[in-house]
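A look at the structure
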Amino acid sequence: MIRLKTPQEIERIRAAGKLARKVIDVVREVAEPGMTTGELEEIAIQIITEHGGRSPCLGYAPPGHPPYPAWTCISVNEEIVHAIPGSRVLKAGDIVTMDCCVELNGYIADTAYTFGVGPLSPQAERLLRVTEEALYKGIEKAKPGNRLGDIGHAIQKFVEAHGYSVVRELHGHGVGLRMHESEIDVPNYGRPGTGLRLECGMTFAIEPMVNMGRKEIRTLEDGWTVVTADGKLSAHFEHTVAIVPHGAEILTQG
């Protein structure tokens, strides 16, 4: 059974989403060459705790994974997602994805944003622009009566038209009362008119992960960090949305 959220619950998820977005906005502002991803993580922890939140990522251990040891995921360049913050030093021209999931007063929202450290190459700027636009192409299809395949198809079609590839193994997901509500799975590829039909009260994360090169991925020995198999750049943008009568409301905006 899919747990549809009440308007009151959606507002509480939105409050968590605003805090998660605040974390990303601050980190984007302060990140500079010479900082480590661990230092960015400490900034995130301070903001979340000051506002009474916590991270559902810390200690998360799905089957086949060790417990995740950090509050956020901070991935750089060829790292697609789930990179553990630590000693990696940022350099000018790097692209950094902060994936921030926050629980506030028992409700959870999830968001991610890829940004540059200093000036970026035209190729990196284009990858970020296309990936973010792909997210909004997917959100446009998130409306009552449509299906999950409509979202995935819109993302895939847009990304591939620009010569990039969509990661297949990693999907968006239901979120709100748990970090991963597995009753809703949101691939970034698919066929229109297929998959779960969308209803008002559904809340889930849409999160295209787009590779500059091939779609193949691999996971590093830490059991978490996912990288592009060919070592090329990857970008990742994510919003938590709620299905409402007029379409999708984004719950992870500042």
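Owing to the predicted nature of the structure, the values given are computational and were not obtained by experimental measurement.

Evaluation of the coordinates by the stated rule reveals three aromatic pairs. Ring plane angle 80° and centroid distance 5.2 Å describe the contact between Y68 and W224, whose orientation is recorded as edge-to-face. Within this pair, whereas Y68 is found in the loop between α2 (37-50) and β1 (73-76), its partner W224 is found in the loop between β10 (217-219) and β11 (226-228), the two being separated by 156 residues in sequence. You'll find Y68 and W224 in the same group, each marked buried. An aromatic cluster is built from Y60, Y68 and W224, whose rings are joined through pairwise contacts. Here R28 stacks its cationic end above the ring of Y113, 4.1 Å away from the centre of that ring.

Time to look at unusual backbone geometry. Although it is not a glycine, N77 adopts a positive phi angle of roughly 60°. Tracing the sequence through the fold places N77 in the loop between β1 and β2 (79-81). On the basis of relative accessible area, N77 is assigned to the buried category, the value being 13%. One non-glycine residue with positive phi stands out, namely H82, at about 65°. Relative to the assigned elements, H82 resides in the loop between β2 and β3 (95-104).

The next thing to look at is the sheet that holds β1. Ordered in space as β1-β3-β4, the three strands form an open sheet in which the pairing is antiparallel. Strand pairing shows two members of the sheet lacking a second neighbour, β1 and β4 (107-116), which therefore form its edges. Neighbouring strand axes in the sheet, compared pairwise and without regard to direction, differ in orientation by 10° on average. Bridge analysis of β1 against β3 gives four bridges, and the strand direction is antiparallel. Within β3, the residue paired with S75 across the bridge is T97.

A separate point is the sheet that holds β2. Read across the open sheet, the three strands follow the order β2-β11-β10; overall the sheet is antiparallel. Where the open sheet ends on each side, the last strands, each with one partner, are β2 and β10. Averaged over all pairs of adjacent strands, the angle between strand axes in this sheet comes to 40°, irrespective of strand direction. The pairing of β2 with β11 spans two bridges and is antiparallel.

Under the criterion given, the structure shown has 13 salt bridges. Through salt bridges with shared partners, a single ionic network connects E11, R14 and E249.

A word on the nonpolar core. V23, M98, C100, I151, L198, F204 and I206 are the most contacted members of the largest nonpolar core, which has 60 residues in total. In terms of residue count, the dominant contributor to this core is helix α1 (residues 7-30) (eight residues). Excluding residues that lie within four positions of it along the chain, I206 makes contacts with L135, G138, I139, A142, I151, I155, V186, F237, E238, H239 and V241. Counting residues in each nonpolar core, the second largest holds ten residues, with C57, I108, M179 and A205 among its members.

Criteria and thresholds
Residues numbered from 1 in each chain as written. Predicted model: local features only at pLDDT ≥ 70, side-chain atom pairs only at ≥ 80, totals over all residues. Heavy atoms only, no water. Phe/Tyr/Trp six-rings, centres within 6.5 Å; stacked < 30°, edge-to-face > 60°. Helix = DSSP H or I, 4+ residues; strand = E, 2+ residues; numbered from the N terminus. Buried < 20%, exposed > 50% of the residue type's maximum accessible area, 1.4 Å probe, protein only. Lys NZ or Arg CZ within 6 Å of the ring centre and 35° of its normal. Pairing = 2+ DSSP bridges. Axes fitted to C-alpha atoms, helices over the stretch in contact; angles between N-to-C directions. Salt bridge = Lys/Arg side-chain N within 4 Å of Asp/Glu carboxyl O. Core = buried A, V, L, I, M, F, W, Y, C linked by side-chain atoms within 4.5 Å. Contact = heavy atoms within 4.5 Å.

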